[in-house]
Every structure is written in C-alpha cells, then in structure tokens.
Amino acid sequence: MEKIQAYFARYEEGANTFDPELMGSLYMSEFLAGDPNGVSCGRNDEKLRASIVQRKAFFEQIGFRRAQVLGVDATPLDDKYTMAKVHWQMTFEKEPGHPLDFRFFITYFLFDAGAGPKAAFWISHEDEQKVMRAAGLIPEPN
C-alpha cells in the first residue's frame with residue numbers, strides 16, 4: 001500500500017499546484033470520470049492539461065487555499081487494480097478571514113502495470129459545482 005499512499009501524496013501536490021504535467025502523470029491515457037450527473041470519458045492529452053490550467057484560474061478566482069487528503073482506504077482488487085476511497089478536504093477563502101472547508105469522498109480505481117498506479121476511473125460522490133453554488137462560491141448558471 002506504500003505505492004498507493006505515495007500516489008495520493010503526489011495527487012495532493014498536483015491538486016494544490018495545478019501542475020498539468022504532474023496531474024497528467026497520474027492518469028491513464030484514457031479514463032472515465034463519474035459523479036452524481038453521470039459518467040464521462042477523458043483522454044490524457046493537451047486538452048486535459050489545458051483544463052487543469054483553467055481550473056487553477058477558476059479556483060484562484062473563488063479563493064482556493066488548499067486541498068488535503070484526510071484519509072485513504074485502499075482495497076487491492078487483484079495484482080493490477082486497486083480501489084481507493086479517498087476523503088478529501090478543500091479550503092476556500094473568498095472573503096478574507098472567512099475560510100470554508102468542504103469535505104468529500106472520491107473512489108478511485110487505479111491500474112498498475114508495474115510502473116506505478118494511475119487513475120483509470122473515479123467517482124466523485126458529490127456534485128462539486130452544486131456544493132460550491134450552495135456555499136455561495138459560484139453563481140447559479142444562467
């Protein structure tokens with residue numbers, strides 16, 4: 001499980017630095033992402049890296065301070081796949097002196113062909129945009 005802990009330490013670093021190369025190194029060449037609204041397919045390409053840069057700009061605009069892994073519950077499924085339930089906390093401070101902490105769970109399915117784990121599929125169990133709207137961080141869509 002040391003590989004899994006190291007993977008999520010790198011993931012936490014990438015979630016805080018928004019480094020497109022670091023984040024890209026954590027995903028398979030193709031991956032699936034799910035949330036309460038459904039599932040989407042993604043590619044680990046320049047479009048993904050550009051979206052990470054856009055996410056950084058958006059998060060900075062709404063007062064992003066940090067993302068922190070609070071816990072990882074990993075279950076090996078076989079010699080190549082691991083399911084990891086990760087408890088995250090994100091802190092925003094849109095108004096100085098008024099930090100907002102959000103805790104949420106994401107379940108990752110990691111694949112390791114021998115060079116280290118990479119995310120093949122993950123499920124965000126909360127709708128991130130909905131939670132941010134409810135907290136007043138982002139406006140309702142038009």
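Starting from 1, residues in each chain are numbered consecutively following that chain's sequence as written. Only residues with pLDDT of at least 70 are given local features in this predicted model, and only at 80 or more are side-chain atom pairs given and counted; all residues enter the totals for whole chains, interfaces and linings. Side-chain numbers here rest on the full set of heavy atoms in the structure, without hydrogens or water.

Novice: Can you lay out the overall build of the protein for me, pointing to particular residues and giving the numbers?
Specialist: For the protein, the count of helices and strands is four helices and six strands. Runs of E in the DSSP output that reach at least two residues are strands. Runs of H or I that reach at least four are helices, and both are numbered from the N terminus. When its helices and strands are written in sequence order, the protein yields α-α-β-β-α-β-β-β-β-α. Over its C-alpha trace the protein gives a radius of gyration of 15 Å, about what one expects of a compact globule, namely 14 Å for 142 residues. Considering only C-alpha atoms, the protein reaches an extent of 45 × 30 × 25 Å along its principal axes. Relative accessibility decides the category of a residue: with a 1.4 Å probe and only protein chains considered, values under 20% of the type maximum give buried, values over 50% give exposed, and everything between is partly exposed. Counting only residues that meet the buried cut, the protein has 37% of its 142 residues in that class. By the convention used here, residues are in contact when the closest approach between their heavy atoms is within 4.5 Å. Considering only contacts in the protein between residues 6 or more positions apart, those separated by 24 or more positions represent 52%. Only the protein chains shown count as cover for residues, and the accessible areas themselves come from Shrake-Rupley with a 1.4 Å probe. Per element, the accessible surface of the protein, about 8,400 Å² overall, is 53% carbon and sulfur. Here Asp and Glu are counted as negative and Lys and Arg as positive; His is not counted, and neither are the chain ends. Charge placement uses NZ in Lys and CZ in Arg. For Asp and Glu, CG and CD serve respectively. When the 16 basic and 21 acidic side-chain charges of the protein are each reduced to a single mean position, those positions are 1 Å apart. Radius of gyration: over C-alpha atoms. The globule rule applied is 2.2 Å multiplied by the number of residues raised to the 0.38 power.

Novice: Before we move on, can you summarise helix 1 (residues 2-17) with the specific residues and values?
Specialist: By this rule, a helix spans an expected 1.5 Å times one less than how many residues it contains. With 16 residues, helix 1 extends 23 Å between its outermost C-alpha atoms, agreeing within 8% with the 22 Å of an ideal straight helix rising 1.5 Å per residue. Burial in helix 1 covers these residues: Ile4, Tyr7, Phe8, Tyr11, Gly14 and Ala15. End-on, the buried residues of helix 1 take up no more than an arc of 115 degrees, which puts them together on one face. Looking at the buried side of helix 1, the elements it contacts are helix 2 (20-24), strand 1 (27-35), strand 3 (64-76), strand 4 (81-92), strand 5 (100-111) and strand 6 (118-124). Phe18 sits one or two positions beyond helix 1 and adopts a positive phi of about 55 degrees. The arc in question is traced by the directions running from the helix axis to the C-beta atoms.

Novice: Please give an account of the pairing of strand 4 that cites residues and values.
Specialist: Across the 12 residues that make up strand 4, a large majority, nine, are buried. Pairing between strands is defined by DSSP: at least two bridges between them are needed. Pairing of strand 3 with strand 4, which is carried by 11 bridges, proceeds in the antiparallel orientation. Bridge pairing in strand 4 links Pro76 to Thr82. Remark: four residues form the turn of the hairpin made by strand 3 and strand 4, two consecutive strands paired antiparallel. Two elements, strand 4 and strand 5, share 12 bridges in a ladder whose sense is antiparallel. Opposite Thr91, over in strand 5, you have Asp101 as the bridge partner.

Novice: I'd like to hear about helix 3 (residues 46-61), residue by residue, with values.
Specialist: Here helix 3 contains 16 residues, and its C-alpha end-to-end distance of 23 Å stays within 8% of the 22 Å for a straight helix at 1.5 Å per residue. Of the residues making up helix 3, those classed as buried are Leu48, Arg49, Ile52 and Phe59. Here the buried residues of helix 3 occupy an arc of 100 degrees about the axis, which is enough to place them on one side. Those residues of helix 3 that are exposed and aimed more than 90 degrees away from the buried face are Glu46, Lys47, Gln54 and Gln61. In this structure, the buried residues of helix 3 make contact with helix 2, strand 1, strand 2 (38-43), strand 3, strand 4 and helix 4 (128-134). Pairing of N or O atoms within 3.5 Å defines a polar contact, subject to two protein rules: one partner must be a possible hydrogen donor and the other a possible acceptor, and residues neighboring in sequence count only if both atoms are side-chain atoms. At the N-terminal boundary of helix 3, the capping side chain belongs to Asp45, with an oxygen 3.1 Å from the backbone nitrogen of Lys47. Downstream of helix 3 by one or two residues, Gly63 has phi in the positive range, about 85 degrees.

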